[in-house]
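Listed below, chain by chain, are the residues.
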Amino acid sequence: MTVGDSSPFPHPERIAVVGLGYVGCVTAACLARLGHQVIGVDRDEFKVKTVLDGDAPFFEPGLEEIVKAGLAAGRLSASTSMAETLPRVDVVLICVGTPSAKNGNLGLDQLRRVVEEIAILLRSRPQPLTIAVRSTVYPGTCEEAVMGALASSHDISVVSNPEFLREGTAVKDFMEPSLLVVGGVDREAVRRVAALYASLPVEPCLVSLRTAELIKYACNAFHAVKIAFANEVGTLAANLGIDGAEVMDTLCRDTVLNISRTYLKPGFAFGGSCLPKDLRALMYRAARLDLKLPLLESVLPSNGHHLERALQAVMDLPARRIGVFGLAFKENTDDLRESPVVTLLEQLIGKGRNLRVFDPHILPQRIYGSNQQYLLTAIPHIEKLFEPDLGRMLAWSDHLVIAQKPAPEFARLILASGLPVLDLVSTIPAPQPVAESATGG
Ligand SMILES: NC(=O)c1ccc[n+]([C@@H]2O[C@H](COP(=O)([O-])OP(=O)(O)OC[C@H]3O[C@@H](n4cnc5c(N)ncnc54)[C@H](O)[C@@H]3O)[C@@H](O)[C@H]2O)c1
């Protein structure tokens, strides 16, 4: 990347970036480089002076160069005064720190102080203002800590625009974003903030305010889980005299099941003849090696909790006759081994619920072998509950529980029945949300 090669931005904005830390300084300098008119605001005089002197206030590859270029082009400046800055801008990006409190909760002091200051200054401001929160904040914070504090101000729009850059590659990450998310209620403000980045090679994701806030946390949690997973696999591999890097590298070559969207949608608990069995075996062997692999150890308990939540949700239904769609652990199979639906039914029967179950690939009289053994051990009188005709089960039920992704012809029948649905796999289209089953095998 070369500095000073940015073409004039089609609709440059007048922007204040509040907080000249790792995120704010990179954001301010990069937005200036894109062609916007940017003032960086920080209460820290040293950081402001450093920027005004054409330096970066901390080490970040490429930052000093674009700070200098921004100043030279007259598009970047810095100030310690919000009062002097606010009348000169139309958009404010808040990039102050949100450090951990002692109990792990999010520290919102810096954010609240900035918002209080803005709220006071807005009393004498006639023109509208768009505020984007770029700091990482828990869902609901923009509503509570920002919109709440600015409720008496006129013409203020608040959006969430989380930052995804990584220290060390922050300038490159800004210029080649992996993700651009803007969330808010005011569509005009959401579009306006997304348009700040219009010249970057990324398709903006326009979502709700809380969704934007949570996406940032989901991304960071996912990254942490990936690292911990790779480290636990590497630890196990090293103890077995295997090259963990080769294992993970090979794992990553599968871009269908492994490095892909597969299994990454919220849905029902996993089950089947492979995942639970293989996790158990891995944990047993790790324990024999005296290895602690807490992430992998937590997976089956996590799945169990998910199943319990489903059970509670069914128990809470105001229904006398519950129809259950699906018995196998996922669609297009008749494998019942370790199907979470079998466990669910067993518990519901134990609690006296009146049930019928339909599965397009299972007929009780045709189940045999390990399937039959598994089912009859779990639910001895299961045949009585089977309904081979979906239409009949729908007519009998006063509530439907979907425990497996239905084929389109069954989904149509279910929708046409008008029955209230508890969709455990989040798969039925409107009025229910759409998602794939998160089962494995
Ligand atoms: N650092 C990262 O890699 C990264 C990446 C993505 C998101 N984030 C998130 O971005 C936010 C900022 O992170 P950071 O690492 O840049 O923090 P930082 O501590 O480096 O910078 C925060 C800046 O805000 C300034 N500030 C605090 N209160 C102020 C006020 N009232 N007025 C003006 N300036 C004020 C501070 O002086 C400081 O310079 C956090 O929410 C963080 O979680 C950080």
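Residues numbered from 1 in each chain as written. Predicted model: local features only at pLDDT ≥ 70, side-chain atom pairs only at ≥ 80, totals over all residues.

**Focus on the domain arrangement of the protein chain**
Then, number 1: Partitioning the protein chain into structural domains gives domain 1 (14-209) and domain 2 (267-441).
Then, number 2: Taken over C-alpha atoms, the centre of domain 1 sits 46 Å from the centre of domain 2. (Domains from an automatic or database assignment.)

**Focus: the site of the ligand**
Then, number 1: Near the ligand, the surroundings consist of 25 residues, among which Gly19, Gly21, Val23, Gly97 and Ser135 are the closest.
Then, number 2: When contributions to the shell around the ligand are tallied by element, the ones reaching two or more residues are helix H1 (22-34) and helix H5 (109-122). (Near = placed C-beta within 6 Å. Helix = DSSP H or I, 4+ residues; strand = E, 2+ residues; numbered from the N terminus.)

**Comments concerning the confidence of the model for the protein chain**
Then, number 1: On average, the protein chain scores 92 in pLDDT, and the residues at 70 or more come to 94%.
Then, number 2: Note on residues 1-5: pLDDT is under 50 here. Beyond four places in sequence and across chains, it has 6 contacts.
Then, number 3: Low pLDDT, under 50, characterises residues 430-441; the predicted model gives this stretch 44 contacts beyond four residues in sequence or across chains. (pLDDT = per-residue confidence, 0-100. Contact = placed C-beta atoms within 7 Å.)

**Some words on the pairing of strand E9 (residues 321-325)**
Then, number 1: Within E9, 4 of the 5 residues are buried, leaving the element largely enclosed by the surrounding structure.
Then, number 2: The pairing of E9 with strand E10 (residues 354-358) spans 5 bridges and is parallel. By the bridge assignment, glycine 323 is partnered in E10 with arginine 356.
Then, number 3: In the classification by handedness, the crossover that spans E9, the intervening helix H14 (residues 340-350) and the parallel E10 is right-handed.
Then, number 4: One ladder, built from 4 bridges, connects E9 with strand E11 (residues 399-402); its direction is parallel. Residue pairing for E11: isoleucine 322 is matched across the bridge by histidine 399. (Buried ≥ 20, exposed ≤ 12 C-beta atoms within 10 Å, placed from the backbone. Pairing = 2+ DSSP bridges. Right-handed = clockwise from strand over helix to strand, strands pointing away.)

**So, the nonpolar core**
Nonpolar side chains in soluble globular proteins generally cluster together in the buried interior.
Then, number 1: Val18, Val26, Ala29 and Ile94 are the most contacted members of the largest nonpolar core, which totals 65 residues.
Then, number 2: Examining the composition of this core, we find that 10 residues originate from one element, H1, more than from any other.
Then, number 3: The contacts of isoleucine 94, once residues within four sequence positions are left out, are Val18, Gly19, Leu111, Val114, Ile131, Val133, Arg134 and Ser135. (Core = buried A, V, L, I, M, F, W, Y, C linked by C-beta atoms within 7 Å.)

**Remarks on H1**
Then, number 1: In this model H1 runs 18 Å from its N-terminal to its C-terminal C-alpha over 13 residues, within 8% of the 18 Å that 1.5 Å per residue would give.
Then, number 2: Taken across its 13 residues, H1 has 13 buried, putting it largely inside the fold. (Expected span 1.5 Å × (residues − 1).)

**Focus on the packing of H1 against helix H3 (residues 63-72)**
Then, number 1: Packing of H1 against H3 leaves a shortest axis separation of 9 Å and a crossing angle of 50°. It follows from the interaxial angle that H1 and H3 lie oblique. In the packing of H1 onto H3, the handedness of the crossing is left-handed. For the pair formed by H1 and H3, the contact residues are Cys25, Val26, Ala29, Cys30, Ala32 and Arg33 on the first element and Leu63, Ile66, Val67, Ala69 and Gly70 on the second.
Then, number 2: Looking at the contact of H1 with H3 residue by residue, the classes come out as 9 nonpolar, 1 polar and 1 charged. (Axes fitted to C-alpha atoms, helices over the stretch in contact; angles between N-to-C directions. Parallel < 35°, antiparallel > 145°, perpendicular 65-115°, else oblique. Left-handed = near helix turned anticlockwise from the far one by under 90°. Nonpolar A, V, L, I, M, F, W, Y, C, P; charged D, E, K, R; others polar.)

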